[in-house]
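Breakdown of the fold
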Amino acid sequence: MSERRFWSRVDLALGVWYAVLAGLILLNESSTGIGAALALVGSVTFGASIGWRRRQPIAWVAVLAIGTVVCQMVEPRATSVALAPLVLVLYSAAAQSQFGWGVAAVGAAVTAAWLTALPDLRHLGAVALFVPAYLVSWTLGLAANLQRRDLGRRLAGERRLRQAEVERAELELARVRLNIARELHDVVAHGISLITVQAGFGGLVVGNDTEATRSALSIIEVTGRQTLIELRQLLTVLRQSPDPATAAPASPAAGLDDLAQLAASLEAAGLTVCFDSEDPSGLEPMVQLTAYRIIQEALTNVLRHSEANHATVTMRRDDAGLCLTIRDAGATATPPGTVTPIVAGHGLLGMRERAASMGGRLTASPMPGGGFQVTCHLPIPGARLVTP
């Protein structure tokens, strides 16, 4: 049984008991038939005000105030029977109602008590007894009301805090999913592109050039194995135990030191890459990973979408960060003035998102004489920002 239901039953039992007591007192004081009828009605009303005081307590205060006036007019000696229930009903009115209605309720109760002393104010027994009781009861009810409202505000604040934490967790989950999607796209796109190019080349030379066919198949095998290794490393991170004691050691993330291996795989696919870079040592792993993935994606796009057989990668460090430029000259037979259209896809979007995640910026544009250029600037944590 809930606490609220328990106290409701206590109120109902108390109301029944008071209705019987009030009925006996009023019938004893009544001297006419009308008085007896009013005694029965009054006893039921006064008992009901106690039994259902938690429901519409302001209305019950009004009913009891009117009952006090009627008792004063019909049987003045029984007026206290109507005043007594107000002690309990006032508490409910102050505890459950707005402050203004609570003040009106205690004002009505005090006024009803003072009416018993009219017209000559010689008999102050009811006033001296009930007015202090009303004030104490109303004060206790008001304190309970304030405590309930404060508890409600705290609970509402905790609900908002929990909701904010849930939203932050959802945003963090979305960010993690986006990072995983970028990594999967870069790994799969690069590996599958090399495999596709070499498979196509192998199909062209099969039966004609045994050595070239073997070379293409070897590149397909090596690229496939490397792609699987990177996918396994990524999946290992996703499956890693949250307990550091039981977690498997994570493989180091790709960095700028892996560019030589990247260039070798691309050269085997027919794209020669020339690097013009400074010493990448001292860069944070996340900066190196971001730079590597952007270079990898840009060169993979050259292999997939361009007829170029040569690309240049330039890396420079300045006071503000790391500057990357990936450029290809386009097809050797490209007429002067030709502009290569931009092919919108997940590759360019992923590169821009990677740069933005590090606080950098990336632009991609076709070259006037043919070819394509990707320019990226990645800020280095702790570097001095240069104000233009």
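Calculation criteria
Residues numbered from 1 in each chain as written. Predicted model: local features only at pLDDT ≥ 70, side-chain atom pairs only at ≥ 80, totals over all residues. Heavy atoms only, no water. Pairing = 2+ DSSP bridges. Helix = DSSP H or I, 4+ residues; strand = E, 2+ residues; numbered from the N terminus. Axes fitted to C-alpha atoms, helices over the stretch in contact; angles between N-to-C directions. Core = buried A, V, L, I, M, F, W, Y, C linked by side-chain atoms within 4.5 Å. Buried < 20%, exposed > 50% of the residue type's maximum accessible area, 1.4 Å probe, protein only. Contact = heavy atoms within 4.5 Å.

1. Quick word on the sheet that holds strand β2 (residues 310-317)
What the 5 strands build is an open sheet, ordered β1-β2-β3-β5-β4; its pairing is mixed. Each edge of the open sheet carries a strand with a single partner, namely β1 (272-277) and β4 (361-366). Averaged over all pairs of adjacent strands, the angle between strand axes in this sheet comes to 10°, irrespective of strand direction. The pairing of β2 with strand β3 (residues 321-328) spans 7 bridges and is antiparallel. The residue bridging V313 from the neighbouring strand is I326, located in β3.

2. Comments concerning the pairing of β4
Sheet analysis places β4 next to strand β5 (residues 372-379), joined by 6 bridges and oriented antiparallel. Paired with P366 across the bridge in β5 is F372. A loop of 5 residues connects β4 with β5, the two strands running antiparallel in sequence, and G370 in this loop sits at a positive phi of about 105°.

3. Topic: the nonpolar core
I295, L299, L324 and I326 are the most contacted members of the largest nonpolar core, which has 37 residues in total. Where this core is concerned, the elements lending two or more residues are α9 (259-268), α10 (285-305), β2, β3, α11 (346-357), β4 and β5. Per-element tally for this core: the top contributor is α10, with 10 residues. Not counting residues up to four positions away in its chain, the partners in contact with L299 are L262, L266, L271, V273, A311, V313 and I326. Grouped together as the second largest cluster of nonpolar side chains are 33 residues, V81, L83, A105 and F130 included.

None of the figures reported here should be taken as evidence of function without further support.
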